[in-house]
Amino acid sequence: MARTLIAPTALTLAGIDPGDVDVAAELTDGNSFAWREGVIFYCLNGDDAALTLTFPTPVTVGSGALAVADSTVTIPAGEYRLIKGFGPEHRQADGTVHVNYAGTTPTGVMVAVF
């Protein structure tokens, strides 16, 4: 199975309710979203255990081809996070950012752009 692409929602002056536009997380293969400046990733952990998100970085640097460490965010039970700062190092060959989930099942995820 392939990653499930999350379509972005435009963030406007009126605001958005993440609960109205979130989508189910794809636990087996992860999700992806188009890389661009001004992206905010929202994840709600409605479970009673911690959730860890991993944003893989496919790039290497230097003559030794040193791998750039993946970015991780841990969300405690019952909390949510708004995450930004996806640089070019997060962009996969297909132009998307990948997100993987470990620890528990997120209640919902979404991508907002401004």
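For the structure given in this document, a descriptive report is provided here. The shown structure was predicted, so the numbers you read here are calculated from the model rather than taken from an experiment.

Quick notes on the rules
Residues numbered from 1 in each chain as written. Predicted model: local features only at pLDDT ≥ 70, side-chain atom pairs only at ≥ 80, totals over all residues. Heavy atoms only, no water. Buried < 20%, exposed > 50% of the residue type's maximum accessible area, 1.4 Å probe, protein only. Helix = DSSP H or I, 4+ residues; strand = E, 2+ residues; numbered from the N terminus. Pairing = 2+ DSSP bridges. Salt bridge = Lys/Arg side-chain N within 4 Å of Asp/Glu carboxyl O. Contact = heavy atoms within 4.5 Å.

Looking at the pairing of strand S5 (residues 51-55)
At step 1: Burial along S5 is one-sided: the face carrying Leu51, Leu53 and Phe55 is buried and the face carrying Thr52 and Thr54 is not.
At step 2: Pairing between S5 and strand S8 (residues 71-75): 5 bridges, direction antiparallel. Bridging across to S8, Thr54 finds its partner in Thr72.

Examining the pattern of salt bridges
At step 1: In total, this model carries 1 salt bridge according to the counting rule given.
At step 2: Arg81 serves as the salt-bridge partner of Glu79, at 3.0 Å between the closest nitrogen and oxygen.
At step 3: Overall, the relative accessible area of 28% leaves Arg81 in the partly exposed class.

So, the environment of Gly46
At step 1: Note that Gly46 resides in the loop between strand S4 (39-44) and S5.
At step 2: Here the alpha-carbon distance between Gly46 and Ala34, two residues 12 residues apart in the chain, equals 25 Å.

A few points about the environment of Phe33
At step 1: Secondary-structure assignment places Phe33 in strand S3 (residues 31-34).
At step 2: Judged by relative accessible area, Phe33 falls into the buried class, the value being 1%.
At step 3: With residues up to four places along the chain from it excluded, the contact list for Phe33 reads Leu5, Ile6, Val39, Phe41, Phe55, Phe86, Thr96, Val97 and Val111.

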